[in-house]
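Coordinate analysis (summary)
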Amino acid sequence: MKKIYILILYLIHFSNFAQIRGTITDNKGNPLSLVTILEENTYNGTSSNEQGNYELNIKKLGKHTIIFQYLGFKTQKITIIIDKFPYTQNIKLAEESLSLSEIVINTKDNPANGVIRHAIASKKENSEKTAHFKADFYSRGIFKVKDLPKKILGQKIGDLDGAVDSSGTGIIYLSETVSKIVFEKPDNLKERIIASKVSGDNKGFSYNTAQATIYDFYDNTLDFGSKMISPIANNAFNYYKFKLEGTFQDENNLMINKIKVIAKRDAEPVFEGYIYIVEDSWAIYAVDLDIKGYRMHQEFLDKMNLKQNFSYNKNNHIWAKNTQSLDFAAGIFGTKFNGKFSYVYSNYEFQEAFAKKTFTNEIVSFENNSNKKDTLFWNKIRPIPLTIEENTDYIKKDSIHTVRNSKKYLDSIDKKGNKFKFHSPITGYHWKNSVKKQSFSYDGLLKLSSLSFNTVQGWNLDSGFSFRNWKEEEEKGKSTSISTKFNYGFSDVRLRLTGDYYHRFNNQNYATLTVSGGTKVNQFNPEEPITKFINTVSTLFFVDNYMKLYNKEFASVTYGQDVSNSLYLKGNLEYQQRKPLFNTTNQTYVKSDAIYSSNNPLLPDDNLTPAFDQHHLTKATILARINFGNKYISRPDGKINIKNDNYPTLYFGYENAFASNERNNEYQLITSQIKYDFNAGNKGTLGINLKAGTFIHGDNISFVDYKHFNGNRTHVGTSERYLNVFNLMPYYSNSTNDAYFEAHLEHNDKGYIMNKIPLLNKLNSTLVLGFHALAVPNKNPYSEFTVGLDNLGFGKFKLFRFDYVHSFQNGVQEDGVVFGLKILNVLE
């Protein structure tokens, strides 16, 4: 009965609000989806859904010529006279008959190559015709899952708020937006979202925007994480072979060339499928191209299909994109995902240029109450009809959302989850009040994920409490948390306690206040170059004691916020009491005559002399981050900054240490940093990280306050990129209380070279070349060169990297290898 009710609602929606509506099928009665429906010589168009249903918004009665265009089928143009709305027009499309003339067959040159050469030569002219426009934009995205397990890594998944059934199958995301866009090539965008809808969230705002739909095949590359080569790129013949499948006439009697796009090498960032080129103008008529996941270095993605359809307007002689769809299939651990994003561009207004102030740093904004449009509004404005499945999902999830956000339901769920069990003091306890937006957590006495080993504390374990209070959209993202952390060392027999108060004032400028204090062990290098997991393994199994620690008692207050769209400022005031620590254990898991080095990084063989004398001081720090040309999205539930990759990010810092019990410990430190990724298109990315700084009055400061650099002696890398580490440098060998300059450069070819080397291209890896240098006074510079392979692994799991490193300092050369285990980043 429920299914019949949903079907009736669907049919009522479908019949009452479309001005012209109908179903499109082939000659066998099979529905055709993604058919482009367009009013002749206008940019008023739409597309059919998966059931072949369409709705075209025609505002005036009378005579209209409607075009039905679908790849592989003959375009049909019909003239209708509308005397009342709604008007029903069902259509059957016949398969296209392609032809190859004798002249084409007998030509010496591959006829497809000639078409592609013309398209390449004409693409600048064709691209400029659509370089400046205004348009209406519609977007719909759906994301489905199949065979989702009940648990992942021991954690229950649940039904995702009613999204999946008992078999782990269902729609986990369905969303729509309607907006007005202003666009100027290559990437100036201004979008005003009129309506936004998210299934199962009546307060939600969709993340579907026009910004994510700009795929222009007139450009040499298209960004899909990797730079994919366009079939009509200037260098397209280096990557593709082409075959003319045939030609056909469109409704304007223009000849269309159907070109098959074939990859020359499987591992390259290339498309496969078809591109349709208009004879004489050599404009793009349509594209139907597949992208394999491994070609984008997205191994979890099996395949993606991109379709674009363009329409011709006799009045201005412009081919403009009217519909676009992006389908994808992915999978991992037996779970399958698939999704589809459909886009409709309509009511174009082309201009020669826009006023200078048309485009600002705000690229997307939302109208008031854009997420509160009712069903009548959506049924009238939605250009692509919902399928029965989509309509059912909206109805079902809206009902579930209403029930599951009621006080009665939330209280019942909280009551069930808040039960205190016999083993809770050992394993932990969690309490939640969903109505008041509050939660409390106790980590338990056996938080095994925190268990680690070092030579100062021996085995040590964490526990703690936390309380969180958060607000909904009416409070503009305000949230507060209070937490404590207990750390107990079994060898030094000491309990250390820290506490933190965190408050975020809003989600517009993200102003935050943090107050913290307590006692903890710190690495001398505050960037903590050695993770707890790596240190545990290196000490217990290799007797390599690299982590050097001291005891810090502190009280700190920090405030930070976005001062402007491009500038972030943070200030910190902290009192510190520092005490040296010593090794308290010699426990190992290997039989060896070796003994641990001391906890003094300056005297590794001296277990009696401390690295510094006990003291206290106060630090005031100001840090600034500048991102030139930042764009942003203004959402009612928060502001999202979009970094402008054309410019570097700059960092400046000033640190003043004062009020010390020893005057010699006081100093000032000025720092600066430049980070930049230079995009070389399909040739890869060059990452640059330059740092410099100088101490003022730092001659006799504590070794704790020296500038320490991120070395590595474990031969294990844990980060995605090595732009902040020296791969073979001892951890404290170049620490300084004077000026310094360090440079890190790393170029990842994104497969540009590796894809062309026989046999090695089967690895689907990327070549990484690196250079790292450090200069400090009174020492010869340290430098190292690296060459390695990234994106190594098995099947879909590309989690490894391998680098050969050659270093040089003071006439001493060293060679080594670094094994990159990026999964350790997740474990930490």
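Residues numbered from 1 in each chain as written. Predicted model: local features only at pLDDT ≥ 70, side-chain atom pairs only at ≥ 80, totals over all residues. Heavy atoms only, no water.

Our next topic: the overall build of the protein. Across its full length, the protein holds nine helices and 44 strands. In summary, the protein has a C-alpha radius of gyration of 31 Å against a globular reference of 28 Å for 828 residues, a match within 12%. Overall size of the protein, expressed as C-alpha extent along the three principal axes, is 95 × 70 × 55 Å. Within the structure as shown, the protein displays about 40,200 Å² of accessible surface, and the carbon and sulfur contribution to it stands at 56%. Across the protein, the centroid of the 100 positively charged side chains sits 5 Å from that of the 86 negatively charged ones. (Helix = DSSP H or I, 4+ residues; strand = E, 2+ residues; numbered from the N terminus. Rg over C-alpha atoms; globule rule 2.2 N^0.38 Å. Areas by Shrake-Rupley, 256 points an atom, 1.4 Å probe, with all protein chains shown as cover. Lys, Arg positive; Asp, Glu negative; His and termini not counted. Charge placed at Lys NZ, Arg CZ, Asp CG, Glu CD.)

Further remarks concern unusual backbone geometry. Residue Pro86 is bonded to the preceding Phe85 through a cis peptide linkage, with omega at -5°. Structurally, Pro86 can be placed in the loop between β6 (76-82) and β7 (87-88). Backbone torsion omega between Lys185 and Pro186 reads 10°, so that peptide bond is classified as cis. Looking at where Pro186 falls in the secondary structure, it is placed in the loop between β12 (170-184) and β13 (188-198). In the Ramachandran plot, His317 falls in the positive-phi region, its phi being about 60° despite a non-glycine side chain. Relative to the helices and strands, His317 resides in the loop between β20 (301-313) and β21 (318-332).

Scanning the model with the defined rule gives 50 aromatic pairs in all. Both rings, one in Tyr70 and one in Phe73, keep their centres 5.4 Å apart while their planes meet at 40°; by these two values the pair is tilted. Chaining the aromatic ring pairs together yields one cluster made of Tyr43, Phe133, Phe137, Phe183, Tyr343, Tyr345, Tyr348 and Phe350. For Lys258, the ring lying beneath its charged end belongs to Tyr274, and the centroid distance is 4.5 Å. Between the NZ or CZ atom of Lys756 and the centre of the ring of Tyr752, over which it lies, the distance is 4.1 Å. (Phe/Tyr/Trp six-rings, centres within 6.5 Å; stacked < 30°, edge-to-face > 60°. Lys NZ or Arg CZ within 6 Å of the ring centre and 35° of its normal.)

Mapping Asn208 onto the fold places it in the loop between β13 and β14 (221-224). What makes Asn208 buried here is its relative accessible area of 7%. A polar atom in the side chain of Asn208 sits 3.2 Å from the side chain of Tyr173. Residue contacts for Asn208: discarding those within four places in its chain leaves Ser139, Arg140, Gly141, Tyr173, Ser175, Glu176, Thr177, Ile193 and Phe341. (Buried < 20%, exposed > 50% of the residue type's maximum accessible area, 1.4 Å probe, protein only. Polar contact = N/O pair within 3.5 Å; in protein donor to acceptor, adjacent residues only side chain to side chain. Contact = heavy atoms within 4.5 Å.)

To continue, consider the pattern of salt bridges. Throughout the structure, instances matching the rule amount to 35 salt bridges. In this structure, the salt-bridge partner of Asp223 is Lys227, at a minimum N-O distance of 3.7 Å. Note on Lys227: relative accessible area 22%, which makes it partly exposed. Within the structure, one salt-bridge network assembled from shared partners comprises Arg140, Glu176, Arg382 and Glu390. (Salt bridge = Lys/Arg side-chain N within 4 Å of Asp/Glu carboxyl O.)

This paragraph deals with the sheet that holds strand β5 (residues 62-69). Strand order in the open sheet formed by four strands is β3-β2-β5-β6, with antiparallel pairing between adjacent strands. Each edge of the open sheet carries a strand with a single partner, namely β3 (45-47) and β6. When strand polarity is set aside, the average angle formed by the axes of neighbouring strands in this sheet is 25°. (Pairing = 2+ DSSP bridges. Axes fitted to C-alpha atoms, helices over the stretch in contact; angles between N-to-C directions.)

Let us now look at the environment of Ile157. Counting through the fold element by element, Ile157 comes out in the loop between β11 (155-156) and β12. For Ile157, a relative accessible area of 25% corresponds to the partly exposed category. Residues within four places of Ile157 in sequence aside, it is in contact with Leu148, Pro149, Lys150, Lys151 and Ile152.

Time to look at the side chain of Arg496. Residue position: Arg496 is located in strand β29 (residues 494-504). Once residues lying within four places of it in the same chain are set aside, the contact partners of Arg496 are Gln457, Lys485, Phe486, Asn487, Thr519, Lys520, Val521, Asn551 and Leu581.

This part is about the pairing of strand β24 (residues 429-433). Side chains on a regular strand alternate between the two faces of the sheet. Summarising the sheet, β24 and strand β25 (residues 438-442) pair through five bridges and their orientation is antiparallel. Bridge assignment links Tyr429 to a residue of β25, and that residue is Tyr442. Between β24 and β25, which pair antiparallel and follow one another directly, the connecting turn spans four residues, one of which, Lys437, has a positive phi of 60°.

Taken as a whole and judged by the stated rule, the model has four cavities of 30 Å³ or more. In this structure, the largest cavity spans a volume of roughly 110 Å³. Around the largest cavity sit Leu34, Ser48, Asn49, Glu50, Arg140, Ile142, Lys340, Phe341, Ser342, Ile384, Thr387 and Glu390, which together line it. Of all elements in the fold, only β9 (132-146) and β22 (335-350) reach the threshold of two or more residues within the lining of the largest cavity. Per-element tally for the lining of the largest cavity: the top contributor is β22, with three residues. For the second largest cavity, the calculated volume is near 80 Å³. Around the second largest cavity sit 16 residues that line it, and Leu581, Phe582, Asn599, Asn600 and Thr609 are the ones nearest its centre. (1 Å grid on protein atoms, 1.4 Å probe; cavity = no way out; pocket = protein on both sides within 12 Å on 5 of 7 lines; lining within 4 Å. Points joined across faces, edges and corners; volume = space filled by probe spheres on them.)

Here we come to helix α3 (residues 111-129). Between its first and last C-alpha, α3 extends 27 Å over 19 residues, near the 27 Å set by a 1.5 Å rise per residue. The largest bend along α3 measures about 55° and falls at Ser122. All of the buried residues along α3 are Ala112, Asn113, Val115, Ile116, Ala119, Ile120, Ser122, Lys123, Asn126 and Ser127. Elements in contact with the buried residues of α3: β16 (240-249), β17 (255-263) and β18 (272-278). (Expected span 1.5 Å × (residues − 1). Bend = angle between axes of the 7 residues up to and from the residue.)

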